[in-house]
Amino acid sequence: MNELVFATSNPNKILEVQTKIDSEKFPIKIIPVPQPFDPVEDGETFLENAYIKAFEAAKKTGRLSFADDTGLCVEALNGRPGLYSARYAPTGEEKVQKMLSEMEPFKTLDERKAYFTCAIVLVRPDGETIFSCQSKFEGFIDFSPKGSHGFGYDPIFMVKELGKNLAELSTEEKNTVSHRALALKEFTNWLSSHNIFEDAQ
Ligand code: ITT
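Just so you know, the residues in each chain are numbered from 1, in the order the chain's sequence is written. Reporting of local features is limited, given that this is a predicted model, to residues whose pLDDT is at least 70; pairs of side-chain atoms are given and counted only at 80 or more, and all residues count toward the totals for whole chains, interfaces and linings. For side-chain calculations, the full set of non-hydrogen atoms in the structure is used, while hydrogens and water are omitted.

Quick notes on the layout of surface pockets
Line of reasoning, step 1. Buried and open spaces are told apart on a 1 Å grid over the protein atoms alone, a cavity being a set of points where a 1.4 Å probe fits but cannot get out and a pocket being an open set with protein on both sides within 12 Å along at least five of seven lines. Residues with an atom within 4 Å of a point are the lining residues. Grid points are joined across faces, edges and corners, and a volume is the space filled by probe spheres set on the points. A volume near 680 Å³ is recorded for the largest pocket.
Line of reasoning, step 2. Forming the walls of the largest pocket are 32 residues, and the residues nearest its centre are Asn10, Lys13, Thr70, Ala86 and Phe151.
Line of reasoning, step 3. Mapped by element, the contributors of at least two residues to the lining of the largest pocket are helix H2 (46-61), strand E3 (65-74), helix H3 (92-102) and helix H5 (179-192).
Line of reasoning, step 4. Ranked by the residues each element gives to the lining of the largest pocket, the list is headed by E3, at 4 residues.
Line of reasoning, step 5. Under the scheme applied here, ten amino acids are nonpolar (Ala, Val, Leu, Ile, Met, Phe, Trp, Tyr, Cys and Pro), four are charged (Asp, Glu, Lys and Arg), and all others, including Gly, are polar. Grouping the amino acids of the lining of the largest pocket by side-chain chemistry returns 10 nonpolar, 12 polar and 10 charged. By the criteria applied, helices consist of DSSP H or I runs no shorter than four residues and strands consist of E runs no shorter than two, each listed in order from the N terminus.

Here it is, written out as structure tokens:
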């Protein structure tokens, strides 16, 4: 089976991506990049940061590699934490608590609009980008955390259509709606119509 290296140090992302690829029976084997893997993400956009991670993994392994760069953008906070979502606070729990206290002044759901964005970039070892896309998944910042699945900001990200927060969804359920699932869908659609394995690696 053809293989792609996934440039991440986040095991939750590996689980979500693996589960999505398996559920679609998509004929690609995902190989997590060998750890430790911690490139400096100093890009000015999500796409630039995804490229930095993917290229670093492609150089390290000599193989086609992809990365996902994700952020939570909150309307009332002028789009913060956005590109700085990983550095907002050290742990998932602390991120959630800090966000809840920053959002304290905003008392109605309408004032608590937010979205996750997920950029995916696929890079060859010579540094050429062969695919990129970016998704947007809209929701609201809840007034308190709910659920125990997922990671990061999932306990406070409310999906209005489902009446649930992301952390209340199983990996399979999160994969039917999330920012990562939307971007992955675009990625696998593109992969099905392009034979990148013939001469790319
Ligand atoms: P890699 O860069 O190694 O892939 P990361 O966790 O640092 O792992 P990102 O920079 O893409 O990944 O994500 C920034 C932060 O956003 C991350 O630390 C999480 O706290 C949060 N995050 C990312 N994806 C998320 C998701 O699906 N649900 C909730 N929070 C998420």
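Let's pick the thread back up.
Some words on empty space enclosed by the protein
Line of reasoning, step 1. Under the defined criterion, the tally for this structure stands at 1 cavity of 30 Å³ or more.
Line of reasoning, step 2. Volume-wise, the largest cavity comes out at about 30 Å³.
Line of reasoning, step 3. Lining the largest cavity are Leu4, Ile21, Ile28, Ile30, Phe66, Phe187, Thr188 and Leu191.
Line of reasoning, step 4. Sorting the residues of the lining of the largest cavity by element identifies strand E2 (28-32) and H5 as the ones contributing at least two each.
Line of reasoning, step 5. At 3 residues, the largest contribution of residues to the lining of the largest cavity is made by H5.

Regarding H3
Line of reasoning, step 1. Accessible area is worked out with a 1.4 Å probe on protein chains only. A residue is then buried under 20% of its type maximum, exposed over 50%, and partly exposed in between. For H3, the set of buried residues is Lys95, Val96, Met99 and Leu100. With its buried residues spanning 130° around the axis, H3 presents them on a single face.
Line of reasoning, step 2. Two residues form a contact once any of their heavy atoms are found within 4.5 Å. Buried residues along H3 sit in contact with E3 and strand E5 (129-141). When we speak of the arc, we mean the arc of directions from the helix axis to the C-beta atoms.

Some remarks on the pattern of salt bridges
Line of reasoning, step 1. Every case where a carboxyl oxygen of Asp or Glu lies within 4 Å of a side-chain nitrogen of Lys or Arg is listed as a salt bridge. Throughout the structure, instances matching the rule amount to 18 salt bridges.
Line of reasoning, step 2. A salt bridge links Glu56 to Lys59, with the shortest nitrogen-to-oxygen separation between them at 3.7 Å. With Glu56 and Lys59 both in helix H2 and 3 residues apart, this pair spans about one turn of that helix.
Line of reasoning, step 3. A residue is classified by how much of its surface remains accessible, and Glu56, at 33% relative accessible area, is partly exposed.
Line of reasoning, step 4. Lys146 is the salt-bridge partner of Asp142, the closest N and O atoms lying 2.5 Å from each other.
Line of reasoning, step 5. Residue classification places Asp142 among the buried residues on the basis of a relative accessible area of 5%.
Line of reasoning, step 6. According to the relative accessible area criterion, Lys146 is partly exposed, its value standing at 33%.

Thoughts on the nonpolar core
Line of reasoning, step 1. In these notes, a set of buried Ala, Val, Leu, Ile, Met, Phe, Trp, Tyr and Cys residues joined through side-chain atoms within 4.5 Å is what counts as a nonpolar core. Residues Leu4, Phe66, Ile120, Leu122, Phe187, Leu191 and Ile196 are the most contacted members of the largest nonpolar core, which totals 22 residues.
Line of reasoning, step 2. Among the secondary structure elements, those contributing two or more residues to this core are strand E1 (2-6), helix H1 (11-23), E2, strand E4 (113-123), E5 and H5.
Line of reasoning, step 3. Beyond its immediate stretch of four places on either side in the chain, Leu4 contacts Ile28, Lys29, Ile30, Ile31, Leu64, Phe66, Leu122, Phe187, Leu191, Ile196 and Phe197.
Line of reasoning, step 4. Formed by 18 residues, the second largest nonpolar core is a distinct cluster that contains Val74, Ala114, Ile141 and Ile156.

A look at the sheet that holds E5
Line of reasoning, step 1. If DSSP finds at least two bridges between two strands, the strands pair. The sheet built from 7 strands is open, its strands ordered E2-E1-E3-E4-E5-E6-E7 with mixed pairing. Strand pairing shows two members of the sheet lacking a second neighbour, E2 and strand E7 (164-165), which therefore form its edges.
Line of reasoning, step 2. Fitted lines through C-alpha atoms serve as axes, helices being fitted only where they are in contact, and the angles separating the N-to-C directions of these axes extend from 0 to 180 degrees. Most of the contacts of H2 go to E3, to which it runs at about 155°, and overall it touches E1, E3, E4 and E5.
Line of reasoning, step 3. The strands touched by H5 are E1, E3, E4 and E5; relative to E5, the strand with the most contacts, the crossing angle is about 155°.

By themselves, these figures tell us nothing about what the structure is for.
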